[in-house]
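# Observations on the three-dimensional arrangement
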Amino acid sequence: MHWERFGDGARTVLFVPTWSVVHSRSWKAQVPHFARHYRVLTFDPRGNGLTDRPTEPAAYDEREFAADALAVLEATGTERAAAVSLSLGAQRALLLAAEHPERVDALVFIAPTLPLSDPVNVAGTFDDVHDTYEGWGKYNANYWRSNWPDFLQWFFGEACFTEPHSTKQIEDCVRFGLDTTGETLVTAQAGARIPDREAVLELCARVDCPVLVIHGKEDAVIPVERGRRLAEATGGTFIGLPGSGHVATARDPVGVNLLIDAFLEPRRGAPPKAGKAGRAPRVLVVTSPIGLGHAQRDLAIVGELRKLRPEIEVDWLAQHPVTAALEAAGERIHPASLELASESTAFEAHAREHELHAFHAWRELDEVLVANFMLFNDVVRDGGYDLWVGDEAWEVDYFLHENPELKTASYAFLTDFVGWLPVDQSEEWLTSDYNAENIAHVEGNPRLRDAAIFVGDPDDLVPDSFGPGLPKIADWVPKHFAFSGYVLPPPAAPAQRGEGSPPLVVAAVGGSTAGAHLLRRIAAAFAELRRETEAELLLVCGPRIDPRVIEPQPGMNVVGYVHDLHRVLASCDLAVVQGGLTTTMELVAARRPFISVPLRRHFEQNGHVAHRLRRYGAPTPTPYDETSPGELAELMRARLGATVDYLPVDRNGAVRAAALLAPLIG
């Protein structure tokens, strides 16, 4: 049996496995948050994950699962724990608490599968053979053996997740289900020996610890009445979740986490505190770690905001490498920043050779985003901030819209793109679904954002629509965002170069490791260029690429992180860069010739950024497939020191953004 332990809190929380159709990864939206406050235990159920798959039905008796939970407590030296269960896990948790009351100090049941009302969703008997299987008729041994993937898609896609826009949760659960087989679940079903109603009520009468029952009111698998009856039978508290289906732990994770928090530790379940009168106004800035450019523009905006409101105190909630830029600027980093789950690391796990499917990588961030929102909520609960500013803090924006009661301060959202764009037709339905949910959030609660700032101008909006049947991005955004214009770093003198210095080429690929292959190609191309010119190359690896992975070349200087890189770019004769917005727009503003090579399958660089660069008259981005050393050397030769004719970039974006934020402080 596979178990895991997280955190080192004084109190233990045991997440009890549910039906063997999924394993302990199904608790991924809960574990990071609770592990910051408690000692957390999870284990894979018999039949899935890294736990064995017994072939005898008797091994799947409910008392065997309860014994497994007790064994985990023994193996981890745990005297007592709060047991949290979902669906079928209720039977195991109830048995554990009733028969070993000294080991359980609290019970949380979510959508409990217990026979406390008449059977539902029965379509014939489990072993019947049919010509066709539809709906709940797919809950059938023969169908599981022959069509297990289709059963999973139906069960999670139609029965468990009744909430709209649940594509990621369905996808996850299907993937978990494919880690076992239909035959294994048939065996488990045969050995389940589920207690009847009288036996369950007898167990409930033996429970002597506090009980919380959480049940989605739109649960299409287990009637909400069963949750109410369980709460009555145990003397517990019942909470119904409006709009939630069977797996609220995945579809409404913040709401569920906060309810469990309030039950186990009431102080942590309290709503955030508002700012206090009679002291300096406090501002919390949440800066996206996906690109160092966010830090530079946020520094520029905060600098202008301090001119308007010099009395403010500013804290930053940010991750490395963004914190390096903030610390270099003398800013105060909130200590909780060290506890943020790394978004950059998760993104880089999806990177290939100069390729990052940014939309899919973002979807895989779901557990990171939940964890970081829960941390944000902890920070603002005790911080007494007057204004929250989120620069592409998508987790803050999303979960505040999902849980608007958590908003207790002014809130401003900034972004330089709106709209997920498909990189091919096959994913258009998926990006459209995400866009539709975001549109519904904003239009359904238009006052949640006290300010929504698009970092750019109306002409920077792509002409695409949000998807079939949805509005055009350029039509919708002006109704819901104010435009600051582009935000550039504070003016700074270009880096000094000696008189008569040879031409300088600067290569930079941002703050991730995804650009290492491009840097190698640039170095090889520069070696060819040097045969005809005495140019020098400054190769900037950034904070995450080891300079030693680049083969040395004559005339090339390889460095790591460069603070105020925009000063260096402003002095170069040519830049070769990735397709990120910050670097390319700084080059446009400095009127420097450059070559940009967007990451393949990166919807923002190939869509939103490419459109904006075209508007300013910048050169067409170069596909990575056209950057062999020879091709790149020829392009470098043609653009080195070339005259440019870009549209001028207005430098008042930070001033306008600050003017939109200042009134929100009060």
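We now turn to the structure provided with this report. Just so it is clear, the structure is predicted and the values come from calculations on it, not from any experiment.

### Some remarks on the sheet that holds strand 9 (residues 313–317)
An order of 9-8-10-11-12-13 is seen for the six strands of this open sheet, with the pairing classed as parallel. In this open sheet, the two edge strands, each paired with only one partner strand, are strand 9 and strand 13 (482–483). Sheet topology note: the strand 11 (residues 410–415)/strand 12 (residues 451–454) ladder contains four bridges and is parallel. When the bridges of strand 12 are listed, Leu414 appears paired with Ile453. Strands in contact with helix 16 (residues 394–402) are strand 8 (282–287), strand 10 (387–391) and strand 11; relative to strand 11, the strand with the most contacts, it is inclined by about 130°.

### Points about empty space enclosed by the protein
Per the stated rule, a full pass over the model turns up six cavities of 30 Å³ or more. What lines the second largest cavity is a set of 20 residues, among which Trp394, Asp397, Val418, Asn438 and Arg449 lie closest to the centre. Within the residue set of the lining of the second largest cavity, elements represented by two or more residues are helix 16, strand 11 and helix 17 (428–444). The element that contributes the greatest number of residues to the lining of the second largest cavity is helix 17, accounting for five residues. When its residues are assigned to classes, the lining of the second largest cavity shows twelve nonpolar, six polar and two charged.

### Looking at the packing of helix 16 against helix 17
Two numbers describe how helix 16 lies on helix 17: the axes approach to 10 Å, and their chain directions differ by 60°. As summarised for this structure, helix 16 and helix 17 are arranged oblique, according to the angle between their axes. Considering only the axes of helix 16 and helix 17, their crossing is left-handed. Packed against helix 16, whose contacting residues are Tyr398, His401 and Glu402, the element helix 17 presents Glu437, Asn438, His441 and Val442 at the interface. A class-by-class count of the residues in the contact of helix 16 with helix 17 yields two nonpolar, three polar and two charged.

### Topic: the packing of aromatic side chains
A full pass over the atoms with the stated rule returns 40 aromatic pairs. Measuring from ring centre to ring centre gives 5.3 Å for Phe359 and Tyr434, while their planes differ by 85°; the resulting arrangement is edge-to-face. Within this pair, whereas Phe359 is found in helix 14 (residues 358–363), its partner Tyr434 is found in helix 17, the two being separated by 75 residues in sequence. Residue class for Phe359 comes out buried when judged on its relative accessible area of 1%. For Tyr434, a relative accessible area of 12% corresponds to the buried category.

### With respect to the side chain of Glu604
Within the secondary structure, Glu604 sits in helix 22 (residues 603–615). Nearest to the buried, unbridged Glu604 among oppositely charged side chains is Arg297, at 7.1 Å. Non-local contacts of Glu604, meaning those with residues more than four positions away in its chain, are made with Asp416, Phe417 and Val609.

### Re the sheet that holds strand 18 (residues 594–597)
Spatially, five strands are ordered 16-15-14-17-18 in an open sheet, and the strand pairing comes out parallel. Both edges of this open sheet fall to strand 16 (556–559) and strand 18, since each of them pairs with a single strand only. Taken pair by pair, the neighbouring strands of this sheet meet at an average axis angle of 15°, ignoring direction. Pairing analysis gives four bridges linking strand 14 (residues 504–508) to strand 17 (residues 574–578), with the strands arranged parallel. What sits directly across from Ala507, in strand 17, is Val576. Seen against the sheet, helix 19 (residues 516–529) touches strand 14, strand 15 (536–540), strand 16, strand 17 and strand 18 and runs at an angle of roughly 175° to strand 15.

### A few points about the pattern of salt bridges
Scanning the entire structure with this criterion turns up 50 salt bridges. Between Asp172 and Lys168 there is a salt bridge, with its nearest N and O atoms 2.7 Å apart. Of this pair, Asp172 and Lys168 both sit in helix 5 (residues 167–177), separated by four residues, roughly a single helical turn. The residues Asp172 and Lys168 share a single accessibility class, namely buried. We note a salt bridge from Glu313 to Arg282, for which the minimum N-O separation is 3.7 Å. With Glu313 in strand 9 and Arg282 in strand 8, the pair connects residues that are 31 residues apart, well separated along the chain. The exposure class assigned to Glu313 is partly exposed, which follows from its relative accessible area of 34%. A single salt-bridge network, built from bridges that share partners, covers Lys28, Lys168, Glu171, Asp172, Arg175, Arg363, Glu364 and Asp366.

Rules of the game
Residues numbered from 1 in each chain as written. Predicted model: local features only at pLDDT ≥ 70, side-chain atom pairs only at ≥ 80, totals over all residues. Heavy atoms only, no water. Pairing = 2+ DSSP bridges. Helix = DSSP H or I, 4+ residues; strand = E, 2+ residues; numbered from the N terminus. Contact = heavy atoms within 4.5 Å. Axes fitted to C-alpha atoms, helices over the stretch in contact; angles between N-to-C directions. 1 Å grid on protein atoms, 1.4 Å probe; cavity = no way out; pocket = protein on both sides within 12 Å on 5 of 7 lines; lining within 4 Å. Points joined across faces, edges and corners; volume = space filled by probe spheres on them. Nonpolar A, V, L, I, M, F, W, Y, C, P; charged D, E, K, R; others polar. Parallel < 35°, antiparallel > 145°, perpendicular 65-115°, else oblique. Left-handed = near helix turned anticlockwise from the far one by under 90°. Phe/Tyr/Trp six-rings, centres within 6.5 Å; stacked < 30°, edge-to-face > 60°. Buried < 20%, exposed > 50% of the residue type's maximum accessible area, 1.4 Å probe, protein only. Lys, Arg positive; Asp, Glu negative; His and termini not counted. Salt bridge = Lys/Arg side-chain N within 4 Å of Asp/Glu carboxyl O.

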